[in-house]
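Okay, here's what each chain looks like letter by letter:
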Amino acid sequence: MTQNVQVNGSYWLQTAPGGAPRPALAEDLDVDVAVIGAGVAGLSTAWELTRTGRSVAVLEAGRIAAGVTGYTSAKLTVQHTLVYDRLRRTRGPEGARLYARSQSEAIERAAGIVAELGIDCDWETRDAYTYVRDPGRVGEVRAEAAAAKEAGLPASFVTETGLPFPVAGAVKVTGQAQFHPLKYLLALAADLEAHGGRIFEGTTVQGLDEGEPCRVRTEAGATVTARDVVVATHYPIFDRALLFARLSPRRELVVAGTIEADRDVDGMYITPEENTRSVRTAPLDDAGRRLLLVTGEHFTPGTGDTRERFERLAAWADEHFPGVERTHAWATQDIDPTDTVPMAGPLHPGAHHTYVATGFGGWGLSGGMMAGRLLTAQIAGEECAWSGLYDPRRLRTAVREAPALLKTQAEVARHFVGDRLRAAPPVDALPPGEGAVVRAGGDRLAVYRDEEGALHAVSPRCTHLGCLVDFNAAERAWECPCHGSRFATDGTVLEGPATKPLEQRDI
């Protein structure tokens, strides 16, 4: 891999089976359940619901599985960095066991679906490791290994791994998986349609009436009437329980390149050190070559120079895997809950027929699959042992971990106020391919200069809650640092919670 990283898209999206776009919803519709969002959580939920005999409509603003899920590192594991020791301390041993069991059963369910449907999705069984190189952090890893084993996982403390450099210690969890997420989810979508489910792409939802029945209103004016509604849009587009106060967006970068099979690291790895580093490989071609994926450099959207971060990540990959020819570079986005555990269940304390799945904290594959099973059980009126663990209405843990919540809100307030006081560069200073929030005629504008030198101006106020966006030069997008909404240079929504574009402005 070399420097001067060019962002050229997700390997998963570029190698997924092709297919014509599904139509947008053009007329009113009545179903048992409406699922908003067609990522792993939405499609898993819809698939499970069709298997119960319910009629389901999936409403997706873009293309299915092409949002956050299309940019994942695609590790399917219960080993979520250093989570079990923290859960043992904050939720007790039983909470840690429920977390481990729910995530394990989700992965087992996925393996069963792959076998049942005969999905060719490069499924491979791999061990998962969380490692540290700093001897001073070995105690954390030992505690995590003990907590994971106590929670019922096949976990152990080790000092040897398949990485090409020594580690001070690692938690090893055997029997995990990695796969091609798009191949899996597109097959899941086709099967749920074969069982009567309906999927609508290019359908932006902008309204929700929680009556009996519920009514979902789309941007185009169509209405879906449903007994139950699931909001699975990664960051909830409806925030009637003030969930945004308990969620924080995090962006992370990926660089990938080819290696020979004899250089395979034979496992899935992550470290909390060095601003996170994650390593795995994937099968690439008949010659036995593999794709090396290196992930890290997490940051809040709309802050700092993303190009420098890509270069640091590529330099790390060059140092530890010399000679790898880079083929892909992209970024992904995660939502972290302030109290560690994802939120899957009723949308708010008064909800009877509306549900949400969010806050997967970088582990959305197993988390989304878990949410699909959990929400299906709740909609069917069935008991689920871990409903309380993931309940979005929980307050005790939110209060217990209040410092994290307060820190999140302090950051939002800092951006909301401070970004308005930031000095704005002159428009003339913008080189081609760059953007910035500038002052023009006494007003602030978000201005992008394209490669031909033409200027494109939009309002800098995020249409979610009004924070000012900033420009990500590596990906050429406007990003909101408060809640993670992202917009194209013309203001079009790339990622929520915003559902409306940035307003066009004259310059």
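Going by the structure above, here's the rest.
Figured I'd write up the structure that's included with this text. (Residues numbered from 1 in each chain as written. Predicted model: local features only at pLDDT ≥ 70, side-chain atom pairs only at ≥ 80, totals over all residues. Heavy atoms only, no water.)

**Describing the state of the cysteines**
Then comes step 1: Tallied over the entire structure, the rule returns 1 disulfide.
Then comes step 2: A sulfur-sulfur separation of 2.1 Å characterises the disulfide bridge that pairs Cys467 with Cys482. Handedness of the Cys467-Cys482 disulfide follows from its S-S torsion of about -90°: it is left-handed. Placement of the pair is Cys467 in the loop between β20 (455-458) and β21 (470-472) and Cys482 in the loop between β22 (477-479) and β23 (486-487), with a sequence separation of 15 residues. Taken individually, Cys467 and Cys482 each receive the classification buried, so the pair is uniform in this respect.
Then comes step 3: No disulfide involves Cys462; its sulfur sits 4.0 Å from that of Cys480, the nearest cysteine.
Then comes step 4: When its relative accessible area of 5% is taken as the criterion, Cys462 is described as buried. (Disulfide = S-S within 2.5 Å. Helix = DSSP H or I, 4+ residues; strand = E, 2+ residues; numbered from the N terminus. Buried < 20%, exposed > 50% of the residue type's maximum accessible area, 1.4 Å probe, protein only.)

**Observations regarding the packing of aromatic side chains**
Then comes step 1: For the structure on display, the rule yields 10 aromatic pairs.
Then comes step 2: Ring geometry for Tyr84 versus Tyr99: centroids 5.7 Å apart, planes at 75°, classification edge-to-face. Taken together, the residues Tyr84 in helix α3 (residues 84-90) and Tyr99 in helix α4 (residues 92-117) connect sequence positions 15 residues apart.
Then comes step 3: Of the residues examined, Tyr84 reaches a relative accessible area of 1% and is grouped as buried.
Then comes step 4: We classify Tyr99 as buried; its relative accessible area is 4%.
Then comes step 5: With centroids separated by 4.7 Å and ring planes inclined at 10°, the aromatic side chains of Tyr129 and Tyr269 adopt a geometry described as stacked. Linking Tyr129 in strand β4 (residues 124-132) with Tyr269 in strand β12 (residues 268-271), this pair joins segments that are 140 residues apart in sequence. Like Tyr129, the residue Tyr269 is buried in the burial classification.
Then comes step 6: Ring-pair connections join several aromatic residues into one group, and the members of that group are Tyr84, Tyr99 and Tyr390. (Phe/Tyr/Trp six-rings, centres within 6.5 Å; stacked < 30°, edge-to-face > 60°.)

**Structural notes on helix α2 (residues 40-50)**
Then comes step 1: Of all the 11 residues making up α2, 11 are buried; the element is thus mostly covered by neighbouring parts of the structure.
Then comes step 2: By the burial criterion, the buried members of α2 are Val40, Ala41, Gly42, Leu43, Ser44, Thr45, Ala46, Trp47, Glu48, Leu49 and Thr50.

**Observations concerning the pattern of salt bridges**
Then comes step 1: All chains considered together, the criterion is met by 36 salt bridges.
Then comes step 2: A salt bridge links Asp339 to Arg91; the shortest N-O distance between them is 3.5 Å. With a gap of 248 residues between them, Asp339 in the loop between β15 (325-337) and β16 (343-346) and Arg91 in the loop between α3 and α4 connect regions that are remote in the sequence.
Then comes step 3: We classify Asp339 as buried; its relative accessible area is 0%. (Salt bridge = Lys/Arg side-chain N within 4 Å of Asp/Glu carboxyl O.)

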